[in-house]
Amino acid sequence: MTLFYYIAADRELPAGSFGQRGTMMKLKDYLMQNDPAALDKFPVKGMRESGTLEGKMIEVFETAEDAAGLYVSGPLTQEDSSHLFKKPLVYQVNPEGGSFQMISEMAEPYPGAAVTGRKCVAELFRYLQDNLLPGEQFELYSCFADDTGRFGELPRKELNRQISLSGFQAEPDFEWKNRQFIVVSE
């Protein structure tokens, strides 16, 4: 199962990818440099024969940290979340190439996960800081989707938290947990 993350706001927020640092490259050039044999294998061979390979571009990242970031989509329109959020517009937010956790004991056995987790958390808080207007609040929530939908279970009250972004630094062991409700203010 996948843990889903949400931001609720009173107004529209920017959607898209944030924080990734990649460069665009022709797929054909990338394969010629990194895996020339792939040019003669399915599905690339079919793309080459049909002429669609020539214009195909891909984003290339030098490091896992460069690939890590945040993807925001929405607002959601299919599910009623009014029993959970006070804010009317709910956006799904996904960590790209990492997670929303920085756990110090993971750093040694999983250094790559620690780096990408730290980057995703940093991008999340940068996004919140960049988009929060004076006097506003955002509501954050995470949960697993189940047979009843996305918001079937209520928050675990012992995990509820308030974060003021002014002067906030994510602690070394930050983790956005399942069924955790967070109110973010300036």
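Scroll up for the structure.
This write-up is about the structure you can find in this document. None of these values were measured; they are calculated from a predicted model.

1. Details of the overall build of the protein chain
Phase 1: Counting its secondary structure elements, the protein chain contains four helices and nine strands.
Phase 2: Projected onto the principal axes, the alpha-carbon positions of the protein chain cover approximately 55 × 40 × 35 Å.
Phase 3: Put simply, of all contacts in the protein chain between residues at least 6 apart along the chain, 73% involve residues at least 24 apart.
Phase 4: In the form shown here, the protein chain has an accessible surface area of approximately 10,800 Å², with 50% of it arising from carbon and sulfur atoms.

2. Some remarks on the side chain of Glu 136
Phase 1: Residue position: Glu 136 is located in the loop between α4 (111-131) and β7 (137-144).
Phase 2: Separated by 2.8 Å, the side chain of Glu 136 and the backbone nitrogen of Leu 133 make a polar contact.
Phase 3: Discounting residues that sit within four places of it in the chain, Glu 136 has contacts with Arg 11, Asn 131, Val 184, Ser 185 and Glu 186.

3. Regarding the packing of aromatic side chains
Phase 1: The full count for this structure, using the stated rule, is eight aromatic pairs.
Phase 2: Here the aromatic rings of Tyr 5 and Trp 176 are separated by 4.7 Å at their centres, their planes lie at 50°, and the arrangement is tilted. Here Tyr 5 is found in strand β1 (residues 3-9), whereas its partner Trp 176 is found in the loop between β8 (161-164) and β9 (181-185), with 171 residues between them in sequence. Note on accessibility: Tyr 5 and Trp 176 belong to one class, buried.
Phase 3: Relative to Phe 181, the ring of Phe 85 lies with its centre 6.2 Å away and its plane at 35°, an arrangement referred to as tilted. Pair noted here: Phe 85 is in the loop between β5 (69-73) and β6 (89-96) and Phe 181 is in strand β9, with a separation of 96 residues, a long-range link.

4. A look at the environment of Val 90
Phase 1: For Val 90, the position within the fold is in strand β6.
Phase 2: Judged by relative accessible area, Val 90 falls into the buried class, the value being 3%.
Phase 3: With 49 residues separating them in the primary sequence, Val 90 and Glu 139 have C-alpha atoms 8.9 Å apart.
Phase 4: Excluding residues within four positions of it along the chain, Val 90 makes contact with Tyr 6, Ile 7, Ala 8, Pro 75, Leu 76, Ser 81, Phe 85 and Phe 151.

5. Focus on the nonpolar core
Phase 1: Counting residues in each nonpolar core, the largest one holds 26 residues, and the members touching the most others are Ile 7, Val 93, Leu 124, Leu 128, Phe 138 and Trp 176.
Phase 2: At the level of secondary structure, the elements contributing two or more residues to this core comprise β1, β5, β6, α4, β7 and β9.
Phase 3: Looking at this core, the element that brings in the most residues is α4, giving six residues.
Phase 4: What Phe 138 contacts, discounting residues up to four positions off in sequence, is Ile 7, Ala 8, Ala 9, Arg 11, Leu 13, Leu 128, Asn 131, Leu 132, Ile 182, Val 183 and Val 184.
Phase 5: Counting ten residues, the second-largest nonpolar core is a separate cluster that includes Leu 84, Phe 85, Phe 181 and Val 183.

6. Focus on the sheet that holds β6
Phase 1: Pairing is mixed in the open sheet, where seven strands are placed in the order β2-β5-β6-β1-β7-β9-β8. Either end of the sheet is taken by a strand with one partner, and the two such strands are β2 (16-18) and β8. Along the sheet, successive strands turn relative to each other by an average axial angle of 25°, direction set aside.

7. Here's the deal with the environment of Phe 174
Phase 1: Inspection of the secondary structure puts Phe 174 in the loop between β8 and β9.
Phase 2: With a relative accessible area of 1%, Phe 174 lands in the buried category.
Phase 3: A sequence separation of 53 residues divides Phe 174 from Val 121, and the C-alpha atoms of the two residues are 8.2 Å apart.
Phase 4: With residues up to four places along the chain from it excluded, the contact list for Phe 174 reads Phe 100, Gln 101, Met 102, Val 121, Phe 125, Arg 161 and Ile 163.

The rules behind the values
Residues numbered from 1 in each chain as written. Predicted model: local features only at pLDDT ≥ 70, side-chain atom pairs only at ≥ 80, totals over all residues. Heavy atoms only, no water. Helix = DSSP H or I, 4+ residues; strand = E, 2+ residues; numbered from the N terminus. Contact = heavy atoms within 4.5 Å. Areas by Shrake-Rupley, 256 points an atom, 1.4 Å probe, with all protein chains shown as cover. Polar contact = N/O pair within 3.5 Å; in protein donor to acceptor, adjacent residues only side chain to side chain. Phe/Tyr/Trp six-rings, centres within 6.5 Å; stacked < 30°, edge-to-face > 60°. Buried < 20%, exposed > 50% of the residue type's maximum accessible area, 1.4 Å probe, protein only. Core = buried A, V, L, I, M, F, W, Y, C linked by side-chain atoms within 4.5 Å. Pairing = 2+ DSSP bridges. Axes fitted to C-alpha atoms, helices over the stretch in contact; angles between N-to-C directions.

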